[in-house]
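So you can see what is in the structure, the chains are spelled out below.
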Amino acid sequence: MEPAMSEKPESYEAAVERLEQIIDRLDSGQAGLRETLDLCREGRELVTYCSAELDAVGEGLKELKLEDLAARLESPSS
Amino acid sequence: MEELPGPFPVGRYARKLQEELRRRARVRLVGEVTGLSRSKVQAYFELRDAEGAVPCAIWLDDLEKAGLPEGGLRDGAEVVIGGGPDYYPGGGQASPSFAFRATQVRLAGEGDLLARLEALRKQLRAEGLFELQKQLARPRLPETIGVVTAESGAARRDLLAGLRRRGWAGTVIWAFVPVQDRRAAPAIAGAIQDLAATPAVEAIVVTRGGGSLADLWAFCDETLCRTVAMLRVPVISAVGHERDSTLIDDVAAVACSTPTHAAEAAVPLDCNAARGALARSAAALRRASTVARSMAPARLGRLDRSASAALDRRRTSLRHVDMALRAHEPERTLERGYALAEDTEGEPVTGAAEALAAGRVRLRFADGRVGARIEQDGTRDE
């Protein structure tokens, strides 16, 4: 059976919380083989999501001026 | 048209007006000085707050007696004046004018401003305006924040440094505004509204450095504070120093003591720490995954070994069954001299009635088979 496609996490916080649950479960040593592999797959997806979120605020601080934005909005053709 | 009294000579009316105005009660007014100018004998200015203004005049003699510090009466100064309304009727050539004739003037003290602040604070709290912003959800990791501050100043630099220290490098949209005097409050309110209307902006920081309450007075402006309270984007205020308490601090989602703290409130997630934690999580997952995958063949091996052990056990017991079965095979009996009757299909015939019914049988001996016919006259054991 095809594993269900994981949904996009609600937020960074939600993703981190679920990730912590997964790691706790894995650390408990109580997960069976099938569950372990499923948790690892879900965990990797969450890590990818969180990395992307952090990357979005990690590529160099951008500074814009409100007056420039407003000017751009007022003359969309330019 | 209704018939009104008069007509009266206008000069007489003007002097009457002057008398009436001069009879009004003398009072004290508080507000900000704007448009200050001087003639040889008088100083003129407007005393203004957000709701209105009154033109004022003071004789330079009275101004000198007030003993203000050098340059104390200047545009932007918050002052308390005492006096009453006056009207100059003009003359044949001179223009008439109205002014509040001040005979006393002093700089507004903390006490005057604190009393106004307290009254405003009470009113806004009673209207529930302190709670609205605090109920808004604040994103832990915003990608874009808006900042309202002065273009030059330590607040801007400190906020940027705070954001960088957090490892946050998203987008900052600056709205540079005057942060002191009468122009400040409307400019700040406008900038906040424009930022809130920008869809990408997830939080707004309003910040300026320390100063006297008079310097920070724009941040106690009623219209500005009502604007902030009603906004759907969280506002983080960091105005003045720790001991300063402005009205915007009360209505904002979060009030911070310094721009550095405001950076932490605007981006609650410490991105540097988060990157470290995420790397550790990724490593833990890789370990778990590797262990699980290496366990899998081992478990299969164990399964394999246990399966073959089970098979061995079955093989052994099968041999025993085999031997037991073989012990009961008819051949062993035939070897001892017995014969087995079989029908034409080779099925054993195990009774006299069955033999009679079959008519013909075959007798199987240890050394071969012979045909036999069944006759009725035999005796049957009952």
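Higher on the page you've got the structure.
Please read these numbers as outputs of a predicted model, since none were measured by experiment. (Residues numbered from 1 in each chain as written. Chains lettered and ligands numbered in written order. Predicted model: local features only at pLDDT ≥ 70, side-chain atom pairs only at ≥ 80, totals over all residues. Heavy atoms only, no water.)

What follows deals with the overall build of chain A. A count of helices and strands for chain A gives 3 helices and 1 strand. In sequence order, chain A lays out its α and β elements as α-α-β-α. Per-residue burial for chain A yields a buried fraction of 27% across its 78 residues. Taking the intrachain contacts of chain A between residues at least 6 apart in sequence as the baseline, contacts between residues at least 24 apart amount to 65%. (Helix = DSSP H or I, 4+ residues; strand = E, 2+ residues; numbered from the N terminus. Buried < 20%, exposed > 50% of the residue type's maximum accessible area, 1.4 Å probe, protein only. Contact = heavy atoms within 4.5 Å.)

Each partner contributes residues to the interface: chain A has 30 residues there, and chain B has 38 residues. In this assembly, chain A packs against chain B so that about 2,800 Å² is buried in total across both faces, 70% of it on carbon and sulfur atoms. Of all residues in chain A, Val57(A), Leu61(A) and Leu66(A) give up the largest surface area on contact with chain B, accounting jointly for 25% of the area buried on that side. Where chain A meets chain B, there are 1 salt bridge. Among the ionic pairs, Lys65(A) bridges to Glu151(B), the shortest N-O distance being 3.5 Å. Connecting chain A to chain B are 8 residue pairs in polar contact (both at pLDDT 80 or more). (Buried area = accessible area lost by both parts, 1.4 Å probe. Salt bridge = Lys/Arg side-chain N within 4 Å of Asp/Glu carboxyl O. Polar contact = N/O pair within 3.5 Å; in protein donor to acceptor, adjacent residues only side chain to side chain.)

So, about the packing of aromatic side chains. This model, assessed by the stated rule, comprises 1 aromatic pair over all chains. Lying across the ring of Trp174(B), Arg156(B) places its NZ or CZ 5.0 Å from the centre. (Phe/Tyr/Trp six-rings, centres within 6.5 Å; stacked < 30°, edge-to-face > 60°. Lys NZ or Arg CZ within 6 Å of the ring centre and 35° of its normal.)

Residues and elements named next belong to chain B. In terms of strand pairing, strand S1 (residues 27–38) meets strand S4 (residues 78–88) through 6 bridges, oriented antiparallel. Bridge assignment links Arg-28 to a residue of S4, and that residue is Gly-82. Direction of pairing for S1 relative to strand S2 (residues 42–49): antiparallel, over a ladder of 5 bridges. Across the sheet, the residue bridging to Thr-34 is Glu-46, located in S2. (Pairing = 2+ DSSP bridges.)

Residues and elements named next belong to chain B. With the rule as written, the count across this model stands at 17 salt bridges over all chains. Linking Arg-226 and Glu-127 is a salt bridge whose minimum nitrogen-to-oxygen distance equals 2.7 Å. Separated by 99 residues along the polypeptide, Arg-226 in helix H6 (residues 222–230) and Glu-127 in the loop between helix H3 (110–126) and strand S6 (144–149) bring together distant segments of the chain. Under the relative-accessibility criterion, Arg-226 is labelled partly exposed at 25%. The class of Glu-127 is partly exposed, set by a relative accessible area of 42%. Residues Glu-342 and Arg-369 are paired through a salt bridge, measuring 3.0 Å at the closest nitrogen-oxygen approach. Residue Glu-342 is located in strand S11 (residues 340–342), and its partner Arg-369 is located in strand S13 (residues 368–373); the two are separated by 27 residues in the primary sequence. Judged by its relative accessible area of 3%, Glu-342 falls in the buried class. Relative accessible area serves as the criterion here: at 45%, Arg-369 is assigned to the partly exposed category.

Residues and elements named next belong to chain B. Ordered in space as S1-S2-S3-S5-S4, the 5 strands form a closed barrel in which the pairing is mixed. Strand-to-strand twist across the sheet, computed as the mean angle between neighbouring axes with direction ignored, equals 55°. The sheet contacts of helix H1 (residues 10–23) involve S4 and strand S5 (97–107), and relative to S4 the element is tilted by about 145°. H3 rests against S1, S2, S4 and S5 of the sheet, and its axis sits at about 85° to S4. (Axes fitted to C-alpha atoms, helices over the stretch in contact; angles between N-to-C directions.)

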